[in-house]
Amino acid sequence: MTRILVPYHLDEHRPGLDVPYEPAVTISRDLAGDDVWERVAPLYADVADAVAGDIRAGAVPLVMSGDCMVSQAVVAGLQRADDGDGSASVVWFDAHGDVQTLETTTSGYLGGMPLRMLAGYRPELVADGLGLRPVPEDRIVLVDGRDLDPPERDYLAASEIRQVFTAELDADAIPPGPVYLHIDLDVVDGAELPGLLFPTPGGPSLSEVGQAVRRVLDSGRVAAIGLGCTWHEGVEGDDGVGAAAADAVRRAFPF
Ligand SMILES: NC(=[NH2+])NCCC[C@H](N)C(=O)O
């Protein structure tokens, strides 16, 4: 497993981001441009290259970042390295759906849209520049997603994306082909991981999430992993809340 750190929250550099594992590689860039999509494009291009190179070398990249949007780059790299039909699947652990759109969001938070973008929404924003092809909805599983906005509920009800509880995720629920395993740490109950940007109550424990992640890894098909260390800025540092959360995550997860 190659640990890659992308110390950003969207286009905001977070050099002190607390992550559970020591990275082998850190990817950062001077970001320039008029809008956020333009600014992240070269960063994501670097991440996609690193991921593709790593998979081709026989490794499983683990990409740690401060948000979930970098998943666009990880899946693009995976698709590029895959010598099968290129139809990667996605298993997405998150308290949220991340299937918002620019048209329906009320918060305006772009980090609420990445799963929708992986499924093909507005490819001109990020996907086209990376050569990312849409992931078919029936190859996407949303694990948890207990905090959905009304437009996300409507979209998921009409889509082929499957939604399961963490405890329900078994081998049969894992979609075919090489898998991109995505874990937004806010899937864990907010009470157990202080400092999250979007803490959500009523979720699984860290240890339940760790066990479900093991079941996905046991499929033997995980080709790349994304770990969203989605804590607030300001909780970081040696003895900060972010460091404590990173420690707890390291103990629970098998990476
Ligand atoms: N992965 C996350 N933390 N997503 C938060 C999204 C929150 C909310 N659904 C929004 O779009 O504003």
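Bear in mind the structure is a predicted one, so any value in this text is a computation, not a measurement. (Residues numbered from 1 in each chain as written. Predicted model: local features only at pLDDT ≥ 70, side-chain atom pairs only at ≥ 80, totals over all residues.)

Enquirer: Please set out the overall build of the protein chain residue by residue, giving values where relevant.
Expert: Per the secondary structure count, the protein chain includes 7 helices and 10 strands. Taking 18 Å as the expected radius of gyration for a compact globule of 255 residues, we find that the protein chain reaches 16 Å, a close match to that expectation. Dimensions of the protein chain, computed from the C-alpha atoms along their principal axes, are close to 45 × 40 × 40 Å. When each of the 255 residues of the protein chain is scored for burial, the buried share is 47%. Partitioning the contacts of the protein chain with sequence separation of at least 6, the portion at a separation of at least 24 is 70%. (Helix = DSSP H or I, 4+ residues; strand = E, 2+ residues; numbered from the N terminus. Rg over C-alpha atoms; globule rule 2.2 N^0.38 Å. Buried ≥ 20, exposed ≤ 12 C-beta atoms within 10 Å, placed from the backbone. Contact = placed C-beta atoms within 7 Å.)

Enquirer: Tell me about the nonpolar core, and name the residues and values.
Expert: Residues Val47, Val51, Val63, Val74, Leu78 and Tyr180 are the most contacted members of the largest nonpolar core, which totals 79 residues. The greatest single-element share of this core, amounting to 9 residues, is contributed by helix 1 (residues 36-56). Not counting residues up to four positions away in its chain, the partners in contact with Val51 are Pro61, Val63, Ala73, Val74, Gly77, Leu78 and Ala224. (Core = buried A, V, L, I, M, F, W, Y, C linked by C-beta atoms within 7 Å.)

Enquirer: Run through the site of the ligand, naming residues and quoting values.
Expert: In the region of the ligand, 15 residues are neighbours, and His96, Ser107, Tyr109, Gly112 and Phe198 sit closest. By residue class, the composition of the shell around the ligand is 3 nonpolar, 7 polar and 5 charged. (Near = placed C-beta within 6 Å. Nonpolar A, V, L, I, M, F, W, Y, C, P; charged D, E, K, R; others polar.)

Enquirer: Please give an account of the sheet that holds strand 9 (residues 179-184) that cites residues and values.
Expert: Taken together, the 8 strands give an open sheet; going across it, the order is 4-1-5-10-9-6-7-8, and neighbouring strands pair in parallel fashion. Looking at the sheet topology across the chains shown, the edges are occupied by strand 4 (25-26) and strand 8 (162-164). With 4 bridges connecting them, strand 5 (residues 61-65) and strand 10 (residues 222-228) associate as parallel partners. Bridge pairing in strand 10 places Leu62 opposite Ile225. Those strands touched by helix 1 are strand 1 (2-6), strand 4, strand 5 and strand 10, and its axis lies near 155 degrees from that of strand 5. Here helix 6 (residues 206-217) sits on the sheet and contacts strand 6 (89-96), strand 7 (140-147), strand 9 and strand 10; the angle it forms with strand 9, its principal contact strand, is near 170 degrees. (Pairing = 2+ DSSP bridges. Axes fitted to C-alpha atoms, helices over the stretch in contact; angles between N-to-C directions.)

Enquirer: If you had to explain the environment of Val47 to someone new, which residues and values would you point to?
Expert: Position of Val47 relative to the elements: it lies in helix 1. With 21 residues separating them along the chain, Val47 and Thr26 place their C-alpha atoms 9.7 Å apart. Contacts of Val47, omitting those with residues within four sequence positions, involve Val6, Ile27, Val63, Val70, Ala73, Val74 and Gly77.

Enquirer: Residues and numbers for helix 6, please.
Expert: In this model, helix 6 (12 residues) spans 16 Å end to end at C-alpha, consistent with the 16 Å of a helix rising 1.5 Å per residue. Buried within helix 6 are the following residues: Leu206, Val209, Ala212, Val213 and Val216. In an axial view of helix 6, the angular spread of the buried residues amounts to 125 degrees, which keeps them on one side of the axis. (Expected span 1.5 Å × (residues − 1). Arc of directions from axis to C-beta.)

Enquirer: Residues and numbers for the pairing of strand 1, please.
Expert: Relative to strand 5, strand 1 runs parallel, the two sharing 5 bridges. Paired with Ile4 across the bridge in strand 5 is Val63. Across 2 bridges, strand 1 lies against strand 4 in parallel orientation. Residue pairing in the sheet places Leu5 in a bridge with Thr26 of strand 4.

Enquirer: An account of the pairing of strand 7 is needed here, citing residue identities and associated values.
Expert: Of all 8 residues that make up strand 7, 6 are buried, and the element is covered over most of its length. Bridging between strand 6 and strand 7 involves 6 bridges; their strand directions are parallel. Note on strand 7: the bridge partner recorded for Asp94 is Asp144. Across 3 bridges, the pairing between strand 7 and strand 8 is parallel. Bridged to Val141 within strand 8 is Arg162.

Enquirer: Break down the packing of helix 6 against helix 7 (residues 241-252) for me, with residues and values.
Expert: As a packed pair, helix 6 and helix 7 sit with axes 9 Å apart at the nearest point and diverge in direction by 45 degrees. The angle between the axes of helix 6 and helix 7 places the two elements in the oblique class. Of the two possible hands of crossing, helix 6 and helix 7 adopt the one that is right-handed. In contact with Leu206, Ser207, Val209 and Gly210 of helix 6, helix 7 contributes Ala248, Val249 and Ala252. Among the residues forming the contact of helix 6 with helix 7, the class breakdown is 5 nonpolar, 2 polar and no charged. (Parallel < 35°, antiparallel > 145°, perpendicular 65-115°, else oblique. Left-handed = near helix turned anticlockwise from the far one by under 90°.)

So far we have only geometry, and geometry alone does not tell us how the molecule works.
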